[in-house]
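Fold and contact review
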Amino acid sequence: MDLIAELEAEQIAALGKEIPDFKAGDTIRVGYKVTEGTRTRVQNYEGVCISRKHGKGIAGAFTVRKISFGEGVERVFPLYSTNIESITVVRRGRVRRAKMYYLRSRRGKSARIVENTNYKAPKGAKA
């Protein structure tokens, strides 16, 4: 293992976060810490993960898209952000793309993603 990968692994271990195995097409719920004045609360952001960037490393990020009041809203979350309380996978999508950007131009039934009912977690990953 090279030096950069070792340093990255140490930083990830120091954070002690449990990141579930998810990919583009999965519907996920992100518990994000929101600070309003002096109070902090956790707000859930649930939508379809349309992309993962920079792998599973410390610099990783993912984009979640949801429909809010008839308008599409996307948000990019850093994978190991301190503001993320939890990430839970609501349902697994069966897709054939790594980036789901085509969902931006789709509405209604054409924007649906079929659920993957026979999902098997890869070896060494938490389901």
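Throughout what follows, the structure given in this document is the object of discussion. Just so we're clear, the structure is a prediction, and the values are computed from it rather than from any experiment.

Overview of unusual backbone geometry
Non-glycine residue His-54 carries a positive phi angle of around 65 degrees. Structurally, the position occupied by His-54 is in the loop between β2 (39–53) and β3 (61–68). Backbone geometry at Phe-69 places phi at a positive 55 degrees, although glycine is not the residue there. Of note, Phe-69 is situated in the loop between β3 and β4 (71–78). The exposure class assigned to Phe-69 is exposed, which follows from its relative accessible area of 87%.

Describing the nonpolar core
Ranked by internal contacts, the top residues of the largest apolar core, which has 13 residues, are Phe-22, Ile-28, Val-30, Phe-62, Val-64, Phe-77 and Ile-84. Counting only elements with at least two residues in this core, the list comes to β1 (27–36), β2, β3 and β5 (84–91). Core analysis: the second largest hydrophobic core is formed by six residues, Ala-24, Ile-50, Met-100 and Ile-113 among them.

Thoughts on the layout of surface pockets
Approximately 260 Å³ is the volume attributed to the second largest pocket. Along its surface, the second largest pocket is lined by 13 residues, and Val-48, Arg-65, Lys-66, Ile-67 and Ala-111 are the ones closest to its centre. Looking at the lining of the second largest pocket, the elements that each hand over two or more residues are β2, β3 and β4. The residue makeup of the lining of the second largest pocket, split by class, is five nonpolar, three polar and five charged.

What to know about the sheet that holds β5
Overall, antiparallel pairing links the five strands, which are arranged β4-β3-β2-β1-β5 in an open sheet. Looking at which strands have only one partner, the edges of the open sheet turn out to be β4 and β5. Mean inter-strand twist for the sheet, computed between neighbouring axes without regard to direction, equals 40 degrees. Looking at chain direction, β1 and β2 are connected through ten bridges and run antiparallel. In the strand pairing of β2, Ile-28 is matched with Gly-47.

Some words on the environment of Glu-36
Structurally, the position occupied by Glu-36 is in strand β1. Residues Glu-36 and Arg-96 lie 60 residues apart in sequence; the distance between their C-alpha atoms is 40 Å. Among the polar contacts listed, one links the side chain of Glu-36 to the side chain of Arg-41, at a separation of 3.1 Å.

Things to note about the packing of aromatic side chains
Under the definition given, this model contains four aromatic pairs. Geometrically, the ring pair formed by Tyr-45 and Phe-77 is edge-to-face, given 5.7 Å between the ring centres and 70 degrees between the ring planes. Of this pair, Tyr-45 sits in strand β2 while Phe-77 is found in strand β4, placing the two residues 32 residues apart along the sequence. A relative accessible area of 7% means that Tyr-45 is categorised as buried. Taken together through their ring pairs, the aromatic side chains of Phe-22, Tyr-32, Tyr-45, Phe-62 and Phe-77 make up a single cluster. We note Arg-52 situated over the ring of Phe-22; from NZ or CZ to the ring centre the distance is 4.4 Å. For Arg-92, the ring lying beneath its charged end belongs to Tyr-119, and the centroid distance is 3.9 Å.

The rules we used
- Residues numbered from 1 in each chain as written.
- Predicted model: local features only at pLDDT ≥ 70, side-chain atom pairs only at ≥ 80, totals over all residues.
- Heavy atoms only, no water.
- Helix = DSSP H or I, 4+ residues; strand = E, 2+ residues; numbered from the N terminus.
- Buried < 20%, exposed > 50% of the residue type's maximum accessible area, 1.4 Å probe, protein only.
- Core = buried A, V, L, I, M, F, W, Y, C linked by side-chain atoms within 4.5 Å.
- 1 Å grid on protein atoms, 1.4 Å probe; cavity = no way out; pocket = protein on both sides within 12 Å on 5 of 7 lines; lining within 4 Å.
- Points joined across faces, edges and corners; volume = space filled by probe spheres on them.
- Nonpolar A, V, L, I, M, F, W, Y, C, P; charged D, E, K, R; others polar.
- Pairing = 2+ DSSP bridges.
- Axes fitted to C-alpha atoms, helices over the stretch in contact; angles between N-to-C directions.
- Polar contact = N/O pair within 3.5 Å; in protein donor to acceptor, adjacent residues only side chain to side chain.
- Phe/Tyr/Trp six-rings, centres within 6.5 Å; stacked < 30°, edge-to-face > 60°.
- Lys NZ or Arg CZ within 6 Å of the ring centre and 35° of its normal.

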